[in-house]
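Tertiary structure, described
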Amino acid sequence: MIIGGSPTLEDGEAEGDTTGDGDGDSGDGDGDPATGDGDGDPGDGDGDAGPFVYSEYDPDGVVMIDALFVLTEAAVDEIAGQGQTPEQFLDWRIDDLNAALARSLVDSSTVRSLGYHVLSEDDYMRTGAWPGPTDFNINAALGWLSTYRAAYGADKILMIASTAESQSPAAWGGGAVSSYWVEFLPINHEFGHCMGGGHCNEGDPDSYNFGFPLAGYDEDGWPYPSGLSGGTMMCGNNVNFFSNPEVTLSLAEIEAYVDEGIMQAQDYAAALGPGGSLQLGHPIYANMAQTWRDNELPAARSVPTAKYPGDPGTYYAKDDCAGFYADEGYTNLVLELCSGETDQDLADQSISSVMLGRDVHVNLYTDTDFGAGSTCGGILERLAFSSPSLSAICEHHGLENIDGGVAAVAVYPPSDRPTHQMFEGQFEFHSSGESPFCSSVDGETLTVLRDGVAWTGTAAIFEQTLALPYSIEFDYLSKHVGDDPPADGISVFFAKDAGAYAGQVPPRETLGFIADGTGYAIELNIWTNQVSLRDGDYITIGQTVNTSTYTDGVWVPVRVDVALDGVTLWFDNQQILAEAVVIDDSHARVGIGAGSGAYTSEFSVRNFALVPG
Ligand SMILES: [Zn+2]
């Protein structure tokens, strides 16, 4: 089943909770390593002088898949009603998932919890989507999370709404997101879907990405109808293992797992015979452990890590404040700012590391005026976690280095959407997931969509408007790394009513152009290799030109001349398209959208200008 372009699989409540049955021993707190106390003292470095390197691997060389719980406010209230904090309610569940991985002999990767993020009414209004059934939420979650996803570096999202909001026939998992309600959290199973796993195999040859029924598979890959009941996490979901033919359990081991609640009690001795053993997988039909391994590195790389590898939780001594340091590793405190405070006077300082209190996030701007000083606005790096090296995090995030270049900062509670989004550059950004961003310190380069971000629509809308005629001019670059083809493309839109973007996310199918009947777009589609003029409903006007506009990392000049009686496209100094059409000039906004599907590409523009014709 395809939802939102991303493969997902649903799981009915009847399928049962995860082994260990959900309520587990969540109250025990279990040391709470994720909120270890750091070393605290402002100005007091942690003694680590670097060199600092951000990585998708932990210090032991194990791949880290970063997972963020996203909760609605009603879910937080419901959890509180059970006498628990979100940490108490959630933390052990990732531990349980990692324990299942270890038991299943997956030791090349681990899931790292990034904690939790709480949605607010702002997120619903911005996207025009309010919490509903789980299959709705799974598609809305990335738009709700928006730019926070990059700030947290969250590869996988576990979306949890309240039971009242979202109780529905099934939990869902697939792609980046899994979707639950408070009373139904089959996390290991849904996370398995997000790592490429299917359910019980049903005669599908040569596909090992499935769960294992304890009764086993026949030679055609169908579960035997009788024998032991239940199965591993993806098939039956009452044996807390992922299938792996290399795992063979003796009767004594099974007995111990039954005692721990990891396997259900039944008469294994009768089914397996005296001295018998149970192989928990099949090399052709059930090797979810190998499926996980095959997908772990792409999963970990899907969003660059934002929490320093190996950091158990480093927090500034004051929960509501942040410390800014002249040197890496939190040494030489320059400045302390607290929640709600900003500073635009840092150009003469040289900030190299930042330590956050538990209850704040931080925005770092290379532009003194929060982006107002240039076309795009310079770099804005949002921190959800302490960073011992701004140089290292910028390198890992593919940004120009802002070490020593931070000119303005804002410190705010994570719930403060206006400050999180505060950016005074001349573009406003919209996205169904990861947002456009300014990617050069000089403030002239805008990355409309990053390579590797699948199933996403974005739009960057320019502040300035002009009366017709005018030209939209910019340099354009598309670039993709990998063997799969680059896709999908951009839309250059004009004479548009931008109002629709205030309460709706840009659709990826129309390259970020909201087809609300207003405006026009030139599509430069590098998947279909088509260029055409589209009307406000995204219907083609005139001819479609078949030509590649993929630039393979090279900047090329683009100009769109818009007059009352027609539109002309110049691409790399060639006239590609000219359509005579009467332009409805009742709206005036211009901008650039982009879209991706399973295949992706970077789409960037620089030196964007709106020029009177
Ligand atoms: Zn399922």
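Residues numbered from 1 in each chain as written. Predicted model: local features only at pLDDT ≥ 70, side-chain atom pairs only at ≥ 80, totals over all residues. Heavy atoms only, no water.

Moving on, we come to the overall build of the chain. Along its length, the chain carries twelve helices and 31 strands. For the chain, the C-alpha radius of gyration of 26 Å lies close to 25 Å, the compact-globule estimate for 613 residues. Each principal axis of the C-alpha atoms in the chain carries an extent, and together these give about 90 × 60 × 40 Å. Looking at the chain as a whole, 56% of its 613 residues are labelled buried. Taking as baseline every contact in the chain between residues at least 6 positions apart, the subset at least 24 positions apart corresponds to 71%. Summed over all atoms, the accessible surface of the chain reaches about 22700 Å², with 48% contributed by carbon and sulfur. Positive and negative charge centroids in the chain, built from 21 and 95 side chains respectively, lie 5 Å apart. (Helix = DSSP H or I, 4+ residues; strand = E, 2+ residues; numbered from the N terminus. Rg over C-alpha atoms; globule rule 2.2 N^0.38 Å. Buried < 20%, exposed > 50% of the residue type's maximum accessible area, 1.4 Å probe, protein only. Contact = heavy atoms within 4.5 Å. Areas by Shrake-Rupley, 256 points an atom, 1.4 Å probe, with all protein chains shown as cover. Lys, Arg positive; Asp, Glu negative; His and termini not counted. Charge placed at Lys NZ, Arg CZ, Asp CG, Glu CD.)

Turning our eyes to something else, we now look at the side chain of Ser-178. Relative to the elements of secondary structure, Ser-178 occurs in strand S8 (residues 177-181). Among the polar contacts listed, one links the side chain of Ser-178 to the side chain of Tyr-180, at a separation of 2.8 Å. The contact partners of Ser-178, leaving out residues within four places of it in the chain, are Ile-138, Ile-157, Leu-158, Met-159, Trp-172, Gly-173, Glu-190 and Cys-194. (Polar contact = N/O pair within 3.5 Å; in protein donor to acceptor, adjacent residues only side chain to side chain.)

So, about the environment of Asn-401. Checked against the element boundaries, Asn-401 lands in the loop between helix H11 (390-396) and strand S17 (408-412). Distance from Asn-401 to Tyr-180, taken between C-alpha atoms, is 39 Å for residues 221 residues apart in sequence. With sequence-adjacent residues up to four places away left out, Asn-401 is seen in contact with Leu-390, Ser-391, Cys-394 and Val-441.

Another point: the confidence of the model for the chain. The pLDDT averaged across the chain works out to 91; a share of 92% of its residues lies at or above 70. Low pLDDT, under 50, characterises residues 1-7; the predicted model gives this stretch 20 contacts beyond four residues in sequence or across chains. Residue range residues 13-47 is modelled with pLDDT below 50. Its contacts to residues more than four positions away, or to other chains, number 76 contacts. (pLDDT = per-residue confidence, 0-100.)

A common way to report how large an interface is uses the accessible area buried once the components associate. Each domain of the chain was delimited in the assignment, giving domain 1 (59-194), domain 2 (198-298), domain 3 (321-421) and domain 4 (428-612). Centre-to-centre, using C-alpha coordinates, domain 3 lies 31 Å away from domain 4. Taken residue by residue, the interface counts ten residues in domain 3 and 13 residues in domain 4. Taken together, both faces of the contact between domain 3 and domain 4 bury some 860 Å²; the carbon and sulfur share is 62%. Summed over the shared surface of domain 3 and domain 4, the number is zero salt bridges. Applying the counting criterion to the domain 3 and domain 4 interface returns four residue pairs in polar contact (both at pLDDT 80 or more). (Domains from an automatic or database assignment. Buried area = accessible area lost by both parts, 1.4 Å probe. Salt bridge = Lys/Arg side-chain N within 4 Å of Asp/Glu carboxyl O.)

Following Leu-468, the chain continues into Pro-469 via a peptide bond in cis, with omega recorded as 0°. The omega torsion of the bond from Ala-487 to Asp-488 falls at -5°, within 30 degrees of zero and hence cis. By the element assignment, Asp-488 lies in the loop between strand S22 (470-479) and strand S23 (489-496). The phi dihedral of Leu-511 falls on the positive side, at around 55°, and the residue is not glycine. Along the chain, the position of Leu-511 falls in the loop between S23 and strand S24 (520-525). Of note, the phi angle at Asn-607 is positive, near 55°, even though the residue is not glycine. Since its relative accessible area comes to 41%, Asn-607 is described here as partly exposed.

Moving on, we get to the sheet that holds strand S19 (residues 437-438). Ordered by their spatial adjacency, seven strands build an open sheet running S19-S20-S31-S22-S27-S28-S29, and the pairing between neighbours is antiparallel. Two strands lie at the open edges of the sheet, namely S19 and strand S29 (574-580), each paired on one side alone. Of the pairings in the sheet, the one linking strand S27 (residues 556-563) to strand S28 (residues 566-571) comprises six bridges and is antiparallel in character. The partner of Arg-559 across the bridge, within S28, is Trp-570. (Pairing = 2+ DSSP bridges.)

What follows covers the pairing of S22. For S22, the tally of buried residues reaches eight of ten residues, placing the bulk of the element in the interior. Relative to S27, S22 runs antiparallel, the two being bridged by seven bridges. Across the sheet, residue Phe-474 finds its bridge partner in S27, namely Val-558. Pairing analysis gives nine bridges linking S22 to strand S31 (residues 602-612), with the strands arranged antiparallel.

Below, the discussion takes up a negative patch on the surface. Among the surface-exposed residues, Glu-73, Asp-77, Glu-121 and Asp-122 lie close enough to one another that they form a single negatively charged patch. Counting only elements with at least two residues in the negative patch, the list comes to helix H1 (73-81) and helix H3 (121-127). Looking at the element boundaries, Glu-121 is found in helix H3. (Patch = residues over 30% accessible without salt bridge, like charges linked within 9 Å, V, L, I, M, F, W, Y side chains within 5 Å.)

Let us now look at the pattern of salt bridges. Side chains that carry opposite charge are capable of pairing whenever their charged atoms lie near each other. Under the definition given, this model contains eleven salt bridges. Residue Glu-434 is joined to Arg-450 by a salt bridge in which the shortest nitrogen-to-oxygen separation is 2.6 Å. Of this pair, Glu-434 sits in the loop between strand S18 (427-431) and S19 while Arg-450 sits in the loop between strand S20 (445-449) and strand S21 (457-462), and the two are 16 residues apart along the sequence. Pair check on accessibility: Glu-434 and Arg-450 agree, each one buried. Here Asp-475 and Arg-606 are joined by a salt bridge, their closest N and O atoms 3.4 Å apart. In this pair, Asp-475 is assigned in strand S22 and Arg-606 in strand S31, connecting sequence segments 131 residues apart. The exposure class of Arg-606 is partly exposed, given its relative accessible area of 28%.

For the rest of this paragraph, the subject is the state of the cysteines. Under the defined criterion, the tally for this structure stands at three disulfides. The side chain of Cys-200 participates in a disulfide bridge whose partner is Cys-235; the two sulfur atoms lie 2.1 Å from each other. Because the torsion about its S-S bond is 100°, the bridge between Cys-200 and Cys-235 counts as right-handed. Here the residue Cys-200 occupies a position in the loop between helix H7 (187-194) and strand S9 (248-250), and Cys-235 occupies one in the loop between H7 and S9, the gap between them amounting to 35 residues. Owing to a relative accessible area of 27%, Cys-200 belongs among the partly exposed residues under this scheme. (Disulfide = S-S within 2.5 Å.)

Turning next to the nonpolar core. Soluble globular proteins tend to pack their nonpolar side chains together in the buried interior. Counting 50 residues, the largest nonpolar core has Ile-472, Phe-474, Tyr-476, Phe-494, Ile-522, Leu-533 and Val-560 as the members making the most contacts within it. Shared between two domains, this core takes at least three residues from each, and those domains are domain 3 (321-421) and domain 4 (428-612). Not counting residues within four places of it along the chain, the set of residues in contact with Val-560 comprises Tyr-470, Ser-471, Ile-472, Val-492, Phe-494, Ile-522, Val-567, Thr-568 and Leu-569. Counting residues in hydrophobic clusters, the runner-up holds 34 residues, among them Phe-69, Leu-90, Ala-171 and Met-233. (Core = buried A, V, L, I, M, F, W, Y, C linked by side-chain atoms within 4.5 Å.)

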